[in-house]
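Breakdown of the fold
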Amino acid sequence: MKKILLLFEALALCGCSVNEAEPPISGDEIQLKINDDNDSFSVTVPNLEIMLNYRFKENDSEFKDSSFKESSDKFVYKYNDDINIEVTTNEDDEVNKITFATYGLEDTQAAKEMGSISTIVLSDIMSQSNMETLNDNAIEMYNNCLYGSEMHGSAVSNRLLENIDFIYYEDETSDFIVSFEPTTYIYNTEYQRSTDFNKYIQTYCPSYTVEGQQETEESQDATKTEETQEQPAKQTTYYGPGMYKVGVDIPAGEYNVKAEVGELGYLEVSSDPNGTSIITNDAFENNSYISISDGQYLKLESCYISQ
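Residues numbered from 1 in each chain as written. Predicted model: local features only at pLDDT ≥ 70, side-chain atom pairs only at ≥ 80, totals over all residues. Heavy atoms only, no water.

1. Brief notes about the sheet that holds strand S10 (residues 242–245)
Quick reminder of the rule: Paired strands, in this sense, are two strands between which DSSP finds at least two bridges. Secondary structure elements are defined from DSSP: runs of H or I of at least 4 residues count as helices, runs of E of at least 2 residues count as strands, and each element is numbered from the N terminus. Axis lines are fitted to C-alpha atoms, over the contacting stretch for helices. Their N-to-C directions set the angle, which ranges from 0 to 180 degrees.
Strand order in the open sheet formed by four strands is S10-S15-S12-S13, with antiparallel pairing between adjacent strands. If you trace the sheet from one side to the other, it starts and ends with S10 and strand S13 (278–284), each paired once. Adjacent strand axes in the sheet meet at a mean angle of 10 degrees, parallel and antiparallel pairs treated alike. In terms of strand pairing, strand S12 (residues 265–270) meets strand S15 (residues 297–301) through five bridges, oriented antiparallel. Paired with Glu-268 across the two strands is Lys-299, which belongs to S15.

2. Comments concerning the environment of Cys-205
Basically, it comes down to this: Categorising residues by exposure relies on relative accessible area from a 1.4 Å probe, with only protein chains included: less than 20% of the type maximum marks a residue as buried, more than 50% marks it as exposed, and the intermediate range marks it as partly exposed. Here a residue-residue contact requires only that any non-hydrogen atoms of the pair lie within 4.5 Å.
Summarising the element assignment, Cys-205 is placed in the loop between helix H7 (195–204) and helix H8 (226–230). Exposure remark for Cys-205: the relative accessible area of 1% places this residue in the buried category. Considered as a pair, Cys-205 and Gly-153 are 52 residues apart in the sequence and their alpha carbons are 8.7 Å apart. Setting aside anything within four residues of it in sequence, one finds Cys-205 in contact with Met-141, Asn-144, Cys-145 and Tyr-200.

3. Topic: the environment of Ile-164
Of note, Ile-164 is situated in strand S7 (residues 160–168). It is 7.1 Å that separates the C-alpha atoms of Ile-164 and Tyr-142, two residues lying 22 residues apart in sequence. Ile-164 has contacts with Ala-138, Ile-139, Tyr-142, Met-151, His-152, Gly-153, Phe-176, Ile-177, Val-178 and Tyr-200, leaving out every residue within four places of it along the chain.

4. Quick look at the sheet that holds strand S9 (residues 238–239)
One open sheet accounts for four strands, arranged S9-S16-S11-S14; its pairing is antiparallel. The outermost strands of the open sheet, each flanked by one partner alone, are S9 and strand S14 (287–292). With six bridges connecting them, strand S11 (residues 253–259) and S14 associate as antiparallel partners. Bridge pairing in S14 places Tyr-255 opposite Ile-290.

5. Here's the deal with the packing of aromatic side chains
Convention followed: Pairing of aromatic side chains requires ring centres within 6.5 Å, counting the rings of Phe and Tyr and the six-membered ring of Trp. Pairs whose planes differ by under 30 degrees are stacked, by over 60 edge-to-face, and all others tilted.
Summed over all chains, the structure comprises 11 aromatic pairs. Plain terms: the ring middles of Phe-100 and Phe-180 are 6.2 Å apart, the flat faces sit at 80 degrees to each other, and that makes the pair edge-to-face. In this pair, Phe-100 is assigned in strand S4 (residues 95–105) and Phe-180 in strand S8 (residues 174–182), connecting sequence segments 80 residues apart. Phe-180 carries the same exposure label as Phe-100, and that label is buried. Here a set of aromatic residues connected by ring pairs shows up, and it is made of Phe-56, Phe-63, Phe-68, Tyr-77 and Tyr-79.

6. Some details on the pattern of salt bridges
Let me state the cut-off plainly: We count a salt bridge whenever a side-chain nitrogen from Lys or Arg sits within 4 Å of a carboxyl oxygen from Asp or Glu.
For the coordinates displayed, the defined rule picks out five salt bridges. In this structure, Asp-249 and Arg-193 form a salt bridge, with 2.9 Å as the shortest nitrogen-oxygen distance. Here Asp-249 is found in the loop between S10 and S11, whereas its partner Arg-193 is found in the loop between helix H6 (188–192) and H7, with 56 residues between them in sequence.

7. Points about unusual backbone geometry
A positive phi angle, near 50 degrees, is found at Asn-158, a position not held by glycine. Taking the relative accessible area as the measure of exposure, Asn-158 reaches 30% and is therefore partly exposed. Despite not being glycine, Asn-286 has its phi angle at roughly 65 degrees, a positive value. Tracing the chain through its elements places Asn-286 in the loop between S13 and S14.

8. Brief notes about the side chain of Ser-154
The line we're drawing: Two N or O atoms form a polar contact when they lie within 3.5 Å of each other; inside protein one atom must be a possible hydrogen donor and the other a possible acceptor, and for residues adjacent in sequence the pair counts only when both atoms belong to side chains.
Inspection of the secondary structure puts Ser-154 in strand S6 (residues 150–157). Here the side chain of Ser-154 touches Asn-163 through a polar contact of 2.6 Å, side chain to side chain. Engagement of the side chain of Ser-154 in a polar contact is seen with the side chain of Tyr-191, the distance being 2.6 Å. Not counting chain neighbours up to four residues away, the residues in contact with Ser-154 comprise Ala-138, Met-141, Leu-161, Glu-162, Asn-163, Tyr-191, Phe-197 and Tyr-200.

9. A short note on the pairing of strand S1 (residues 68–71)
A regular strand carries its side chains on alternate faces of the sheet. When S1 meets strand S2 (residues 74–78), the two strands line up antiparallel, connected through four bridges. In the strand pairing of S2, Ser-71 is matched with Lys-74. Hairpin connection from S1 to S2: two residues lie between these consecutive antiparallel strands, with Ser-72 at a positive phi of about 55 degrees.

10. Digging into the packing of helix H2 (residues 45–59) against helix H3 (residues 109–121)
Two packed helices can be described by the angle between their axes and the distance between those axes. To keep things clear, this is the line we draw: Every angle not falling under 35 degrees, over 145, or within 65 to 115 is termed oblique; those three ranges are roughly parallel, roughly antiparallel and roughly perpendicular. Less than a right angle of anticlockwise turn of the near helix away from the far helix marks a crossing as left-handed, whereas a clockwise turn marks it as right-handed.
Taken N-terminus to C-terminus, the directions of H2 and H3 make an angle of 120 degrees; their axes are 10 Å apart at the nearest point. Between H2 and H3, the angle is such that the two are oblique. Crossing of H2 over H3 shows right-handed handedness. In this structure, H2 uses Met-51, Leu-52, Arg-55, Phe-56 and Asn-59 to contact H3, whose residues at the interface are Ile-117, Ile-120 and Val-121.

Laid out in structure tokens, this is it:
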């Protein structure tokens, strides 16, 4: 008995407790960020689960907590009966890829709902990366990348890579998959010049070209002159929404910038990639002319250059 009393006295003196467990972390304390090495998100699967349950209940008070279940080489969190959130981890148990997916559905409503869900999950990263530009670039490629019964798109913005995959089956069901992962690429044009992008298009979209593909038709008129037949097809150069360094990603010169159909286009010329030193900008409908010089940065939103 005396030994037990001495033990409690010692604990009191050192300010210790018999069970000094750390208090559980709350969902509002967890943020999803890209780590300094640009190879993973600074969150583990258990903490991501806490964060998801907290954010989804903040958005919908009737949301029921879910949990990640290990499945093969990934962890799967069921948002509802139709939508999965799937993650993979690195050897340090940090999440290095987040995927939103629907499988085998006839209705596309769940795929549309994925957009709002991904916005909730990635809200911390949206302050670091221009998500609107990222989505525009991925969808631009997706809309021009039909490969059999599949469509694919891939784009980068400020070290965040987005891949979109749509697979249509003979029974009229489909899979729709959108994934996000950290990358070392900052600009989409930088990514499009990389071997990683080249491997991607060779695998998923061999007919896609960055500058825009122009199909040539065989002549149906046997009376065409040799001069006409030997005239080369005009190559289209396309610069979609994104950030471009003049002299590196796009040549200096004067351009006619066109707004997307039904959209208000926005262009910005600055002396730095962060847009803190703006030289000129313009919000416009239809089109706007801009002159740019080497070393400047051109930002396009809901608009493009095609010539």
